[in-house]
Structures are given as structure tokens and as C-alpha cells.
Amino acid sequence: MNSTHNFLFVSDFHIGEGRDPRTGLTHRNENFFQDDAFAQFILYHVQMSAKGDGKPWKLVLNGDLFDFLQVTTLPSKKELAEVVPDRELSDNEKKFGLGTSERATVWKLKKVAQGHPLFFSALAWFVAHDRYEIVLLKGNHDIELMWPVVQEAFHNCVAEAYENWQQYPSIFPQEADLPDTLSEDLLRKAIWFEPHFYYEPDLFFVEHGCQYDPANAFQDFEKPIITVRNERVIDLPQGSFLVRYFFNKVESVHPFADNLKPMSRYVIWILSNAPAQGIRFIFSILPDYVRTAVQMRKKSVKKVIKYVKVDQHGHTHPTEFWEKYMQIQGGIRQEMADFGKQTTWRGIGAFALALLGLIFLVVFIRMIAIGSWGFVLLALVAIVLSALGSVMLFNSIENVLTSTYLFRAAERVADLLNERPGTKFGPVRYLVIGHDHAARSWELENLTRRNMPNYRQWYVNTGSWIPVFSEIDQLERPSANLTFFRIIPEEIRDEHYGDVPQLMRWAPELGEPVLVRMFAKPEEIA
């Protein structure tokens, strides 16, 4: 296949405040610790191109690059005059950090860049090379990238980082043909933002994937804007409220909480090691989340989103592709929501059994103290049964969290593209998604045969670069996944399995990428 570029896809870095240069300490909500590895990854591929075909790379950052929700530090008094010039901080902002307005997000982005100078220098050094480009797609944790002023601020952060890349001589070599500065014109051509997805005919269709998730989908993904106190902010989904008003507080105590997968492992850990802390979370933090989520949902404006085209007479008509694409998203969300309702009572039951187990633990200790050994035995049995029941219910909830819904979404989008809806869309080899942090490369084998192209089609999930501690991931790759998808179009061959996706993992210990080890598809979707 011919193409002007080769392609690199990464997603879900969840970059936060990073290292505070004043103290040398890392923020407790930070999830991204791979600045050095990312810089090495960038250097390797730039040098790979120089030694090979010379073709430039296009780096696709497929959503959740940043985690603006977890930037909770407040600006200084001097900075506040720029962020909120016409009012005082609300009690909500004082307790949970700045919100999602344009000015607030620009300040957060600068804070992130300050805590991750090497990461931004790597991006700057990358685009300084001739015809190298970066494409950003937003996700549910960095939806604020939709603000034009935030996009401009991102350009500025990259330009400023370029002024400092030479302080990393052990990583980035001096090259005579690099510009002295990154001009505004160069940045606008080299770094651009896609509002929904990125599509290359016959090659790939890439999207973040949060719109298939009922807890993290936005009513209007392109412009999810509402007005609160005369200020434009993001109309957040429930999953974002959970992060902002509950999980940020949990991670301030246990920074590893978000890295234990599945979620039930953290619940089991806290019940086993810090039950009193778990009770405090439930009774002191959870009410804030519930109360605020209810209040904000009342302010949310229901929208009917329709993407239309205008004919020569000025009349609007729903486009064939967009109408069906939105139906696919809604259908997957409904399936997930129905499944989620079935597990809601299991979650309530799991928490109830966990609390009951703690009560029996108190009884157990009391009975030992008074020497009532018959009741000691009964209390012990009750503790064991409560714990087993709670764990079983929590594990059953993971059926939702580990569902293959993104694979099903890829199948349906592939079928839609194979129908060649409208004049702009057609089949692709690779359906690329992120969001759930589960690096996968599975062939799409159950598509509508009459519409299939004359090549195989694949679901590729780019995984994540943040540490994940789970049994299955530990078998397939180290805890810090560092996974990415690479496409070199001219190397794709239909014969001899030359079309198998190059889903890879950056190996810092080797200074080069290696293929990701993956198990076959589960039996239920094989």
C-alpha cells in the first residue's frame, strides 16, 4: 500500500500533574511515569525512519492522553486572577480542584507540562522533523481538548518545550537540519485535532471508544457544553463525576488504587488491609460524589444530536454514515447499560456483605474476650461466609468491566464501513480503539460476508502506558504495558500473514519494541 506516512498509535497515558519542580515530589494522583521510555520510543522511530525508507511518521494520540480530572492542585493567588478573574473560587473548586472551563483547562495543561517537561520535549523534537505530524483525538478524561483555546495552549506548550530539548543530550541527538524554533505555522500544520475519529481509506478507522461505554459517553461528543454560573463548562458523564468527586480522594490515600485490575482486587485489598479506611471512604467521600452528581445531572441539557448534510437547495438531511454510526454507539451503550443494571444489586449486596462481615468480626473479637467459644465459632463461620459472598459478588461485577463490548463495536463499525455509506467512507483493514486499557489484536471474523473487502479486517486495542496489576496482564506483558500499534503501509501483505497487526510493546530494557504476547480470543467470542 502507498502512503505519505507511516503511523504510530498510542492511547490512555492519563498524564497528570507529574513531578513538582519546587519540591521534587510526584503528585499522588499521577498515573504516568514513562516520560523517559516515551522519549526513547520517539527517538527510536525517528532514527528508524532515517535509516530506512525516510518516510515521516504520523503519531496518533488516541484519547485520554491527559487526565485533566485528576489535576486537583489549585492555582496561586496571582494565577487565580487569570483563571477566575471575575469571581471567587467556589467551595466545590476549593475541595475538588478547578472545573472544566476553558481558562481552568489551559491552567491545568500548563501545570501538566510543567510536571512532564521531557514528555513535551519529546513531542516537540518529533514534530521538528520534516513532515512529521501528531494527531490528537480526545477521550473521556481529556474531553477538554475540544476547547480551541486549549488546543492553542497545547501548541504553545510544545513550542516552549522545544526551547529546552537540548538539555537532554543523552536522549535527543543534535541534528543540523532541525529548526531553531517551532513557528506557529509549523505547529498548526504538524499538530491537529480530530473531533470524533481519524479515518484513512482502506487502512484504518481509529476512535477512542468512550462513546460505547454508558458510564463515560457524552451526549454530544463534539461539543459537550453547558453553562453553569454564566460560565461554559463540559457536560460530564457519570464516570467523570466518580473520578472527580470520589476516586481522586481515594487515590490521595492509596495512589495504587486505580492500577489494580479488576477493580474487585482493590476492594478485596482494602477489606483485608484497611477496613476502617474503606468505611471512611464510604461514609465521608461517597456522599459528596452522589450529591454533586445529582446536582450536575439536573443542570445537564438533554440533546438530540443529528449530523446532517446540506443539499444544493439549502435543505438538511441526516448523513447515511453518521445516522448508522450513532445507532451503533447507542446500541452498544444500551447493551452495556442493561448488563450493568443486572449487576447493580450485586454491588449493593457485596458492600452489605462486607459491612456485615466487619460487624461479625467485632462480635468475634468480643466473644473471644468473654470466652464464649460457641459464639466464637458461629461468628467465625459468619465472617467467612460474608467474605466469600462479598468477593463472589464483586467478581461478578467485573463481567461488565472486562466485557468485550469494544470488540463488538469494532465488528459493527466494520460492517457499516463495508457497506460504503455515502461517498466518503469505505472498508478499512484495522479498527483501532483504546479506552479500556486492554491491548488486543483480534481478527474480525463474523462480519457480513457479502460486503467484505478482499482483505482481512482486525480489531486493535492500543492498551495503555500506565501500570496495571492483574493476573492476565502480568502473563501477557509487564505491569507497565507501554503498548502501541504500528502501521508501515508498504510492508502490509495479504499473503503469508503479512497483514497481522504490529501491536507492540516498548521495551526500555532493550531500547527497542517487541511484539506483544497475547492469548487467543475467549471462547464466547471466538
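Residues numbered from 1 in each chain as written. Predicted model: local features only at pLDDT ≥ 70, side-chain atom pairs only at ≥ 80, totals over all residues. Heavy atoms only, no water.

> Mind showing me how you'd approach the packing of aromatic side chains here?
Think of a pair of aromatic rings as described by two things: how far the centres are apart, and how the planes are tilted against each other in angle. Scanning all chains against the criterion turns up 47 aromatic pairs. Relative to F172, the ring of Y168 lies with its centre 6.4 Å away and its plane at 85°, an arrangement referred to as edge-to-face. For the pair Y168 and F172, a shared accessibility class is recorded, and that class is buried. Measuring from centroid to centroid gives 5.3 Å for Y199 and F425, while their planes differ by 55°, and the two rings are tilted. Taken together, the positions of Y199 in strand β5 (residues 198–200) and F425 in the loop between α13 (405–418) and β11 (430–433) put the pair 226 residues apart, joining distant regions of the chain. Classification of F425 by relative accessible area gives buried; the value is 15%. Across the ring face of F221, the terminal group of K138 is positioned such that the distance to the ring centre comes to 4.4 Å. (Phe/Tyr/Trp six-rings, centres within 6.5 Å; stacked < 30°, edge-to-face > 60°. Buried < 20%, exposed > 50% of the residue type's maximum accessible area, 1.4 Å probe, protein only. Helix = DSSP H or I, 4+ residues; strand = E, 2+ residues; numbered from the N terminus. Lys NZ or Arg CZ within 6 Å of the ring centre and 35° of its normal.)

> Sorry, what's going on with the nonpolar core here?
Nonpolar side chains tend to gather and get buried jointly when the protein is soluble and globular. F38, L59 and F120 are the most contacted members of the largest nonpolar core, which totals 91 residues. A total of nine residues in this core trace back to one element, the largest contributor, which is helix α5 (residues 117–127). Here F120 is in contact with F66, L109, V112, A113, F154, C157, V158 and A161, once residues within four sequence places are set aside. Counting 27 residues, the second-largest nonpolar core is a separate cluster that includes F205, M336, L406 and Y459. (Core = buried A, V, L, I, M, F, W, Y, C linked by side-chain atoms within 4.5 Å. Contact = heavy atoms within 4.5 Å.)

> Even after reading the chapter, I still don't get the pattern of salt bridges, so can you show me in this structure?
Pairing between side chains of opposite charge can happen when the charged atoms of each approach one another. All told, the structure shown has 17 salt bridges when counted by the stated rule. Two residues, D20 and R22, come together in a salt bridge whose shortest N-O distance is 2.9 Å. Residue R22 is classed as exposed on the basis of its relative accessible area, which comes to 68%. The shortest N-O distance in the salt bridge between R505 and E509 comes to 4.0 Å. Exposure remark for E509: the relative accessible area of 57% places this residue in the exposed category. Here the salt bridges do not stand alone but share partners, grouping R87, E93 and E231 into one network. (Salt bridge = Lys/Arg side-chain N within 4 Å of Asp/Glu carboxyl O.)

> Which parts of the structure should I look at to understand the side chain of H437?
Position of H437 relative to the elements: it lies in the loop between β11 and β12 (440–443). A polar atom in the side chain of H437 sits 3.4 Å from the side chain of D12. Among the polar contacts listed, one links the side chain of H437 to the side chain of H14, at a separation of 3.1 Å. Beyond its immediate chain neighbours, meaning those up to four positions away, H437 contacts D12, H14, G463, S464, I466 and N481. (Polar contact = N/O pair within 3.5 Å; in protein donor to acceptor, adjacent residues only side chain to side chain.)

> I would appreciate a short explanation of the environment of R456 in the present structure.
Mapped onto the secondary structure, R456 falls in the loop between β12 and β13 (458–461). R456 sits 28 residues away from V428 along the chain, and the two C-alpha atoms are 9.1 Å apart. When sequence neighbours within four positions are dropped, the list of residues in contact with R456 reads R429, E443, Y497, D499 and V500. Within the structure, the side chain of R456 is placed 2.8 Å from the side chain of D499, a separation counted as a polar contact.

> Help me out: how do you make sense of the sheet that holds β5 in this one?
In sheet architecture, strand pairing relies on hydrogen bonds along the backbone and comes in two forms, parallel and antiparallel. Strand order across the open sheet formed by five strands is β5-β6-β11-β13-β12, with mixed pairing between neighbours. What marks the edges here is a single partner per strand, and that holds for β5 and β12. Across the sheet, the axes of successive neighbouring strands diverge by a mean angle of 10°, strand direction being ignored. Note that strand β6 (residues 204–207) and β11 share four bridges and pair parallel. Paired with F204 across the bridge in β11 is Y430. Contacting β6, β11, β12 and β13, α13 crosses the sheet at an angle of about 140° to β11. (Pairing = 2+ DSSP bridges. Axes fitted to C-alpha atoms, helices over the stretch in contact; angles between N-to-C directions.)

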